[in-house]
Amino acid sequence: RTIEGMSPEVLASRPPRNMTGDPNETVGSNLATLVFHECYHVGQTGILRRVAGKPGVLKPPGGR
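Here we summarise the structure given alongside this text. (Residues numbered from 1 in each chain as written. Predicted model: local features only at pLDDT ≥ 70, side-chain atom pairs only at ≥ 80, totals over all residues. Heavy atoms only, no water.)

This part takes up the overall build of the protein. When helices and strands are tallied, the protein shows 2 helices and 0 strands. Whereas a compact globule of 64 residues would reach a radius of gyration of roughly 11 Å, the protein reaches 17 Å, over 25% beyond that. When its C-alpha atoms are laid out on the principal axes, the protein stretches across 45 × 25 × 20 Å. Every one of the 64 residues in the protein was classed for burial, and the buried ones make up 12%. For the protein, the accessible area works out to roughly 5500 Å², and carbon and sulfur atoms hold 64% of it. Of note, the protein has its 8 positive side-chain charges centred 18 Å away from the centre of its 5 negative side-chain charges. (Helix = DSSP H or I, 4+ residues; strand = E, 2+ residues; numbered from the N terminus. Rg over C-alpha atoms; globule rule 2.2 N^0.38 Å. Buried < 20%, exposed > 50% of the residue type's maximum accessible area, 1.4 Å probe, protein only. Areas by Shrake-Rupley, 256 points an atom, 1.4 Å probe, with all protein chains shown as cover. Lys, Arg positive; Asp, Glu negative; His and termini not counted. Charge placed at Lys NZ, Arg CZ, Asp CG, Glu CD.)

Below is the structure:
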């Protein structure tokens, strides 16, 4: 099932496994946690590139 196809009821339901320990955890909150976690690692990869002397891959508006 894709995220787009998930109903509000499914997103608000309890997940099969509690991942964060939050008693109010839902399928939707799990998805939000997962996305944040992965984005955090993308940022770490950018920092590691700079530490290794490589340019950043993402450029600010205007290409500076």
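There is more to say, and it comes next.
Moving on to the side chain of T26. Tracing the sequence through the fold places T26 in the loop between α1 (8-12) and α2 (27-51). Side-chain polar atoms of T26 contact the backbone oxygen of L11, separated by 3.4 Å. Each residue touching T26, except ones within four places of it in the same chain, is listed here: L11, A12, S13 and P15. (Polar contact = N/O pair within 3.5 Å; in protein donor to acceptor, adjacent residues only side chain to side chain. Contact = heavy atoms within 4.5 Å.)

With that out of the way, let us pick up the environment of L34. On the secondary structure map, L34 appears in helix α2. Residue class for L34 comes out partly exposed when judged on its relative accessible area of 45%. Each C-alpha atom of the pair L34 and A12 lies 16 Å from the other, and the pair is 22 residues apart in sequence.

Within the secondary structure, G56 sits in the segment after α2. The exposure class assigned to G56 is buried, which follows from its relative accessible area of 13%. Sequence separation between G56 and V27 is 29 residues; the distance between their C-alpha atoms is 34 Å.

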